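Understanding the architecture of this molecule
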Amino acid sequence: MGAQKDKYSRTLNLPKTDFPMRANLSEREPQIIGRWEEMDIYRLICESSADRPTYILHDGPPYANEYIHAGTAMNKVLKDFVIKYQTMKGMRAPYLPGWDCHGLPIEHKVVSELGEKAKEMSTPQIRRLCREHAQKYVDIQKEQFRRLGVFGKWDEPYLTMNKDYEATVISAFKEVVKKGYVYRTLKPVYWCTSCETALAEAEVEYAHLESYSIFLRFEVVEGLDELRKETGLPIYFTVWTTTPWTLPANLAIAVNPNFKYIALRASFKGQEGVYILAMEMLEDPLPKMELSVQGEVATFKGSELEGVVARHPFYDRPSPLVLADHVSREQGTGCVHTAPGHGQEDYLTGVRYGLPILTPVDNRGCFTAEAEGFEGRYVFDADPDIVKLLDEKGRLLSSETVSHSYPHCWRCKNPIIFRATEQWFISVENLDLRKRALTAVGETEWIPRWGEARIEGMLQSRPDWCISRQRHWGVPIPVFICQDCGRAVLSEQTVGHFQELVAGHGVDVWYEREAEELLPEGFKCPECKGGAFSKGGDILDVWFESGSSHLAVLTEENHLRWPADLYLEGSDQHRGWFQLSLLVSLCVKDAAPFRKVVTHGFMLDGEGRAMSKSRGNVISPEEIEEKYGADILRLWVTSEDYREDISLSFDLLEQVAEAYRRIRNTIRFMLGNLSDFDPLKDALPFERMEELDRYILLLFKDLKRKVLSAYERMEFHQIYHAVHNFCAVHLSAFYLNTIKDRLYIYAPDDERRRSAQSAIALMLVDLLRMLAPILVFTTEEAYGHLPEALLRKESIHLEEMVQVDTFEDEELRVRWEKLMRVRQEANIVLEELRQTGEVGNSQDAHLRLYADGPMKEFLTKNLEHIKDITVVSDVLVEEGEGVSPVRQVEFDDGTVRVTAEKAGGEKCARCWMWSSRVGSDRNHPQVCERCSEVLSEIGK
RNA sequence: GGGCCUAUAGCUCAGCUGUGGUUAGAGCGCACGCCUGAUAAGCGUGAGGUCACUGGUUCAACUCCAGUUAGGCCCA
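Residues numbered from 1 in each chain as written. Chains lettered and ligands numbered in written order. Predicted model: local features only at pLDDT ≥ 70, side-chain atom pairs only at ≥ 80, totals over all residues. Heavy atoms only, no water.

**Section: the overall build of chain A**
A count of helical and extended segments in chain A gives 31 helices and 32 strands. Seen along its three principal axes, the alpha-carbon backbone of chain A occupies a region of about 125 × 75 × 45 Å. Residue pairs in contact within chain A that sit at least 24 positions apart in sequence constitute 76% of those at least 6 positions apart. Carbon and sulfur atoms make up 47% of the accessible area of chain A, which amounts to about 40100 Å² in all. (Helix = DSSP H or I, 4+ residues; strand = E, 2+ residues; numbered from the N terminus. Contact = heavy atoms within 4.5 Å. Areas by Shrake-Rupley, 256 points an atom, 1.4 Å probe, with all protein chains shown as cover.)

Here is the structure:
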C-alpha cells in the first residue's frame with residue numbers, strides 16, 4: 001500500500017523549498033547581520049535614497065553606563081520601524097544614533113570604584129576614567145542595537161562627549177548668555193559639611209538620626225487685631241521643628257491656605273495667651289505642649305492668615321505668615337518654620353514671597369556672623385544652645401528627642417544639611433520663554449494626544465531652570481571669578497572665546513589650562529578692571545547638553561535637517577529631553593526642534609508591575625535573542641500598543657513566538673508552491689485568474705490598505721494583528737488549504753494551477769515587503785528563497801513598500817461573501833458528520849444544498865466554487881427542505897439549507913476525491929477520471 | 001499628597017472618542033475531534049466576558065459624569 005501511495009505522490013506537484021520550517025533565529029540572525037555588514041547595507045540604502053525627500057527622526061541619546069534593557073531595546077526597535085518604513089516608502093530617512101556620555105551616574109560609578117584613591121586624583125584624571133567608562137558602554141550598547149537588526153550610522157554615532165558636540169553645547173550656551181537668560185542666585189542644595197561639597201540627590205542616603213523635636217511659639221506683632229481686642233491677650237503661632245539650628249535662618253511661618261486653623265485660649269507656665277494651630281493637628285501636638293487649654297476663641301481659614309506678622313523667636317526681626325500648599329497634616333502643627341536658605345520647599349516659598357535666601361552657614365557647616373550669637377559654631381553642635389536660648393526667652397513649649405530618617409552623605413556617612421549656594425539659572429520668563437514654549441507645544445503634534453496636556457502642565461508650573469552642577473564629568477560652565485572684586489564673569493565674549501578653544505581641544509582644555517589662558521588676551525574684569533581670574537568649578541546640567549542635541553546633530557555636515565520630523569521616546573521625557581530640548585531650541589533658534597513627538601509607555605512584567613532587579617522580573621534583550629531571536633523581540637514590540645505601558649514575560653514571548661511560527665509557516669508554504677513558478681513566463685494577470693484567486697487578492701488588497709495606514713499612524717500593533725489574522729484565517733485555513741487540490745493535482749503548466757501560483761507570488765512578495773521593517777531577518781531570509789525573477793534587489797531592505805492595487809471587482813466580492821457564508825455552514829455540517837465517524841476529511845463527503853427559485857439558480861451557477869472552498873468530493877443542489885442534520889443560511893434573496901453525507905463511489909488514490917468513475921482508466925485502475933486525464937497529459 | 005495616563009474573554013487587541021440604542025467581536029491559547037501529500041506542520045467544531053468597582057445622568061451606558069480600587073510615568 002505504501003508503494004502505491006508513493007507511486008501517485010510522485011506525480012503530484014508537492015511544495016518544495018529550502019526555507020526551513022524551524023527558524024533557529026539565534027544562529028541565523030548573526031549570519032544575516034554578517035552579510036549586511038559585508039554589503040554595507042546602510043550605505044547602500046543611503047546611496048539609493050540620496051535624491052529623495054528627507055525624513056528626520058532624531059535619536060534621543062541613551063545613557064552610556066549600562067547594558068541595554070528591554071525598554072531601551074523597544075525604543076530603538078520602534079525607531080527602526082519608522083526609519084525602515086519611511087525608507088521603503090520612498091524617503092531619505094537617515095538614522096544617526098547617539099549617546100549621552102556625561103553626568104553623575106558615570107562619575108559616581110567611577111569614583112566609587114576608585115574608593116579612597118579618588119581623593120588623590122585630579123579632575124582631568126577622573127574625567128579620563130569617566131570617558132573610558134562611557135566609551136566602553138557606547139561600544140557595548142552599539143553591538144546590542146546592531147544585534148536587534150537596527151540599521152544606522154553605527155561607525156560615527158554622535159556622542160555628547162565629542163569635541164564638536166561639546167563646542168556646540170558651549171555655542172548654545174553662549175547664545176543663551178547673550179540673550180540674557182542666564183542669571184546667578186542662591187538656591188539650597190544638599191551639602192556635606194565634612195566633604196565640603198554639594199551632593200546630588202542620588203548621592204544622598206537616608207539613615208536614622210537622633211534629633212530634637214521641639215515645639216515653640218512665635219508671637220504675633222501685626223494683624224489679627226480683632227482677636228487681640230476681644231481677648232486682650234498675646235497671640236502665638238505654634239511651630240514644630242527637628243532642626244533647631246535652622247532657626248537663625250527663619251524668615252517666615254508657612255500655613256496651608258486650605259486648612260482650618262483654630263485659636264485656643266490657653267495658659268503656659270501661668271501666663272494666658274491665644275495659641276493658633278491647624279484644626280486637624282490638635283491631637284498630636286497638644287498633649288506634648290505644656291499648655292492648659294481653656295477653650296476655642298476663633299477659627300480661620302489658612303488663607304486668611306496671609307499678611308499676619310510674627311516676631312522671630314530670638315532675633316529682632318519679623319517672621320511673616322505665608323501660604324504654602326506643601327504644608328501637610330502629617331506632623332507638627334500645620335504652621336511650618338520656614339528658612340528659605342535651608343530647604344527646597346522653604347526656598348520656593350521664599351522666592352514666591354520675595355524673602356531673602358538667608359544662609360548663615362559656611363562650607364564647613366559653621367555659623368557665620370549673620371547668625372548672631374552663634375558665629376563659628378558647628379550647626380549640629382549648636383542645637384542644644386539654641387534650644388536653651390528658646391527656653392530662656394520663654395518660646396519653647398516642649399522639647400524631646402526623636403530618631404528619624406535623615407539624609408546622610410554617601411561617601412563619608414555624615415548627616416548633611418540643606419544650604420543655599422550660588423547657582424546658575426536660565427530664566428523661563430526672559431523674552432517670554434515660557435509663553436513661547438507653550439505656543440510651540442500647541443504647534444507640535446503629540447502622540448498620544450494627552451502628551452500635550454502633560455508637557456503643558458509641566459511648563460506652566462516649572463520654575464527657572466537650574467543649570468549648574470558641582471561635578472566634574474560634564475561641560476564646564478566657563479565662568480571666571482575676578483580675584484580682585486570677586487565678581488563672577490560670564491559674557492558672550494568670554495564664552496565665545498572659550499567656545500573656539502573647545503572646538504579644537506574639547507572641554508578638557510578648561511581643566512588643563514589656567515584662567516588667563518582661557519580668556520581673550522588682555523581681558524579685564526568689567527567691574528573693577530582687574531586682570532587676575534580663577535576658574536569657576538561648576539558644570540552644566542547634562543539636560544542642557546542633551547537638550548542641545550538637535551543643534552549638534554541636525555546639521556548639514558551630517559546631511560541632516562533641522563528641525564526633526566519626529567522625536568520618539570518614553571513618556572518620562574515630557575519632563576526631560578522633550579521639554580529641555582524645546583527650551584534650548586527656543587532660546588537659540590526661537591522654534592521647536594521637532595514637528596511631531598511620539599511617546600511610548602514603560603516596560604512592565606506579566607502582572608503589570610514595573611520591572612526591577614529587586615523584583616527579579618527583569619528579562620534582558622540578550623536572553624530573548626538567545627531563546628527566541630531578535631525578530632521575536634521585534635514582533636513582541638508590535639504585538640502590544642506601545643502608547644500604553646507594555647508587558648514583557650515569557651508567556652507573552654511564547655505567544656508571539658507562536659504567531660511568528662504561523663506567519664513563517666505560511667511564508668514557507670507559499671515559497672514551496674512557487675518552486676516551479678517562473679513569473680516571467682507563467683504569471684497570469686488579475687483578469688485571467690480563477691475567481692477564488694481574484695477573491696483572495698481582493699482581501700489581500702484590504703490588508704495592504706490597513707497595514708499601510710497603520711504604518712502611517714505608527715500603530716504597529718494593528719499591523720501585527722492584521723497580518724497574523726490574515727495569515728492564519730484567510731491564507732492558511734482558507735485560501736491555501738483549498739487551493740492545494742489545484743496546485744497538487746493538475747499538470748504543472750495547467751492554467752488553473754498557474755493562476756493560483758500567480759496569486760501566491762503577488763501576495764508573498766508583498767507580505768515580505770510589508771513585514772520587512774518589523775521582521776527584518778526573517779523577511780530577508782525568505783526573500784533569498786523567492787523564484788529568481790521576483791528577486792529585484794540585493795536585500796529586501798532595498799525594496800519599496802507595497803502599494804494598494806488598482807484592480808477591483810465589487811460583484812465578485814459580494815457574491816463570494818455569500819459563498820463564504822455557505823462554507824461556514826458546510827463546515828458545521830461536515831463536523832457533525834465527522835463526529836459520527838462516517839467521514840474523516842471533507843473530501844470523504846458530499847454536500848447537499850436545498851434552495852428554491854433564484855437562490856437555487858445562484859447555487860447551481862456557483863457549484864464548482866462551493867465545491868472548491870469546502871473541499872468536498874461533490875456538491876448537489878436540490879429543491880425542498882432537506883433532511884437532518886441541516887443548517888440554514890438566510891440571504892436577502894432566499895434561504896439555503898445545508899447538509900452533508902458520506903460520498904458515494906470510490907476514493908481516487910491520487911487526488912483522494914471520491915468518484916463513481918474510479919477505475920475507468922485501465923492503466924490506472926485506482927484513479928478518477930480527472931487524474932487519469934492529468935496522468936496522460938504529463939506522460940505517466 | 002499633586003499632575004497626566006491605563007483598566008473589555010486565560011493572553012494580545014477591536015468596539016467606546018465632539019455621533020449613548022440589535023444576542024460586545026477577532027486571533028492566540030484551551031477543550032474535543034479530523035488529517036497524515038505544509039508533518040517538531042495542517043484542518044474543523046466548541047467552551048470562555050455581570051466590558052475593574054460604586055454611584056449618578058438617561059426611556060436606554062462598555063460607551064457620558066463623579067468617586068473608589070489597582071497599576072504606570074512625572075513631581076512633591
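**A few points about the layout of surface pockets**
The volume enclosed by the second largest pocket comes to roughly 980 Å³. Lining of the second largest pocket is provided by 32 residues; of these, Thr 242, Thr 243, Val 336, Glu 345 and Asp 346 occupy positions nearest its centre. Counting only elements with at least two residues in the lining of the second largest pocket, the list comes to β6 (235–241), β13 (335–338), α10 (344–353), β14 (396–409) and β15 (417–426). With 4 residues, β14 is the single largest residue contributor to the lining of the second largest pocket. Residues that form the lining of the second largest pocket fall into these classes: 13 nonpolar, 16 polar and 3 charged. (1 Å grid on protein atoms, 1.4 Å probe; cavity = no way out; pocket = protein on both sides within 12 Å on 5 of 7 lines; lining within 4 Å. Points joined across faces, edges and corners; volume = space filled by probe spheres on them. Nonpolar A, V, L, I, M, F, W, Y, C, P; charged D, E, K, R; others polar.)

**A short note on the protein's contact with RNA strand B**
Lining the immediate environment of RNA strand B, one finds 52 residues, of which Arg 454, Ser 639, Asp 645, Arg 668 and Arg 910 sit closest. A share of 80% is what sugar and phosphate atoms reach among the atoms of RNA strand B within 4 Å of the protein. Contact between RNA strand B and Ser 732: a phosphate oxygen at 2.8 Å from a side-chain N or O atom of the residue. Tyr 744 is positioned such that a nitrogen or oxygen atom in its side chain is 2.8 Å from a phosphate oxygen of RNA strand B. Of all the elements in the fold, those that place two or more residues in the surface near RNA strand B are α13 (450–461), α22 (650–672), α25 (716–745) and α28 (810–835). Looking at the surface near RNA strand B residue by residue, the classes come out as 17 nonpolar, 17 polar and 18 charged. (Near = heavy atom within 4 Å. Polar contact = N/O pair within 3.5 Å; in protein donor to acceptor, adjacent residues only side chain to side chain.)

**Some words on the packing of aromatic side chains**
Taken as a whole, this structure holds 37 aromatic pairs when the rule is applied. An angle of 65° between the planes, with centres 5.9 Å apart, marks the rings of Tyr 378 and Phe 380 as edge-to-face. Clustering of aromatic rings is evident, with ring pairs tying together Phe 81, Tyr 85, Tyr 642, Tyr 711 and Phe 716. Between Lys 535 and the ring centre of Trp 510, over which it is positioned, the NZ or CZ distance is 6.0 Å. (Phe/Tyr/Trp six-rings, centres within 6.5 Å; stacked < 30°, edge-to-face > 60°. Lys NZ or Arg CZ within 6 Å of the ring centre and 35° of its normal.)

**So, the sheet that holds strand β29 (residues 887–891)**
Here we have 4 strands laid out as an open sheet, ordered β28-β27-β30-β29, and mixed in their pairing. Edge positions in the open sheet fall to β28 (874–878) and β29, since each of these has one partner strand only. On average, adjacent strands in this sheet sit at an angle of 25° to one another, irrespective of strand direction. Here strand β27 (residues 845–850) pairs with β28 via 5 bridges, running parallel. Across the sheet, residue Tyr 850 finds its bridge partner in β28, namely Glu 878. (Pairing = 2+ DSSP bridges. Axes fitted to C-alpha atoms, helices over the stretch in contact; angles between N-to-C directions.)

**Digging into the environment of His 58**
Looking at the secondary structure, you find His 58 in the loop between α3 (41–48) and α4 (70–89). In this structure, the C-alpha to C-alpha distance between His 58 and Leu 566, residues 508 residues apart in sequence, is 6.4 Å.

**With respect to the side chain of Arg 643**
Within the secondary structure, Arg 643 is located in the loop between α21 (630–639) and β26 (646–648). Side chain to side chain, Arg 643 and Glu 715 meet in a polar contact 3.1 Å long. Those residues within four positions of Arg 643 in sequence are excluded, and the remaining contacts are Ile 447, Pro 448, Trp 450, Thr 599, His 600, Gly 601, Glu 715 and His 717.

**Some thoughts on the pairing of strand β24 (residues 594–600)**
Burial of β24 is extensive: 6 of the 7 residues sit out of reach of the surface. Bridging between strand β23 (residues 564–570) and β24 involves 6 bridges; their strand directions are parallel. Counterpart to Ala 564 in the pairing with β24 is Phe 594. Regarding the hand of the β-α-β motif, the stretch spanning β23, helix α19 (residues 577–589) and β24 is right-handed. (Buried < 20%, exposed > 50% of the residue type's maximum accessible area, 1.4 Å probe, protein only. Right-handed = clockwise from strand over helix to strand, strands pointing away.)

**With respect to the pattern of salt bridges**
A complete count under the given rule lists 71 salt bridges for this structure. The salt bridge involving Glu 691 is made with Arg 815; its shortest N-O contact spans 2.8 Å. Of the two residues, Glu 691 sits in helix α24 (residues 691–712) while Arg 815 sits in helix α28, which places them 124 residues apart along the sequence. According to the relative accessible area criterion, Glu 691 is buried, its value standing at 19%. Exposure remark for Arg 815: the relative accessible area of 13% places this residue in the buried category. (Salt bridge = Lys/Arg side-chain N within 4 Å of Asp/Glu carboxyl O.)

**Description of empty space enclosed by the protein**
A complete count under the given rule lists 5 cavities of 30 Å³ or more for this structure. Lining the largest cavity are Tyr 42, Ile 45, Ile 83, Lys 84, Thr 87, Met 88, Ala 93, Phe 151 and His 797. Listing elements by their share of the lining of the largest cavity, those giving two or more residues are α3 and α4. For the lining of the largest cavity, the element with the most residues is α4, which contributes 4 residues. Looking at side-chain class alone, the lining of the largest cavity contains 6 nonpolar, 2 polar and 1 charged residues.

**Focus on the sheet that holds strand β20 (residues 488–489)**
Within the open sheet, the 3 strands sit side by side as β20-β19-β21. Their pairing is antiparallel. Where the open sheet ends on each side, the last strands, each with one partner, are β20 and β21 (533–535). Both strand β19 (residues 480–482) and β20 contribute to a ladder of 2 bridges, which runs antiparallel. Paired with Phe 480 across the two strands is Val 489, which belongs to β20.

**A look at the nonpolar core**
Ranked by internal contacts, the top residues of the largest apolar core, which has 180 residues, are Val 723, Tyr 735, Leu 847 and Leu 849. Looking at this core element by element, the count peaks at 15 residues for α25. By size, the runner-up hydrophobic cluster in this structure holds 70 residues, among which are Ile 56, Ile 455, Cys 482 and Leu 582. (Core = buried A, V, L, I, M, F, W, Y, C linked by side-chain atoms within 4.5 Å.)

**So, helix α7 (residues 163–178)**
A turn of α-helix holds 3.6 residues, and therefore any two residues three or four places apart point the same way. Taking 1.5 Å of rise per residue, 16 residues should cover 22 Å, and α7 covers 22 Å from first to last C-alpha, within 8% of that figure. Listed in full, the buried residues belonging to α7 are Tyr 165, Glu 166, Ala 167, Val 169, Ile 170, Ala 172, Phe 173, Lys 174, Glu 175, Val 176 and Val 177. Trailing α7 by a residue or two, Gly 180 shows a phi angle of about 85°, which is positive. (Expected span 1.5 Å × (residues − 1).)

**Let's talk about the state of the cysteines**
Here the structure, examined in full by the defined rule, presents 0 disulfides. Free cysteine Cys 485: the closest other cysteine sulfur is in Cys 525, separated by 3.6 Å. On the accessibility criterion, Cys 485 (34% relative accessible area) is partly exposed. (Disulfide = S-S within 2.5 Å.)

**Things to note about the packing of helix α12 (residues 433–443) against α19**
Where α12 contacts α19, the two axes come as close as 10 Å, and the packing angle between them is 115°. Taken together, the axes of α12 and α19 are roughly perpendicular relative to one another. Remark: the crossing between α12 and α19 carries right-handed chirality. Across from Leu 433, Arg 436, Ala 437, Ala 440 and Val 441 in α12, the residues of α19 making contact are Leu 582, Leu 583, Leu 586 and Cys 587. Of the residues that constitute the contact of α12 with α19, the class distribution is 8 nonpolar, no polar and 1 charged. (Parallel < 35°, antiparallel > 145°, perpendicular 65-115°, else oblique. Left-handed = near helix turned anticlockwise from the far one by under 90°.)

**Digging into the confidence of the model for chain A**
For chain A, per-residue confidence averages 93 on the pLDDT scale, and residues scoring 70 or more make up 99% of the total. With a pTM of 0.92, the predicted complex shows an ipTM of 0.96. (pLDDT = per-residue confidence, 0-100.)

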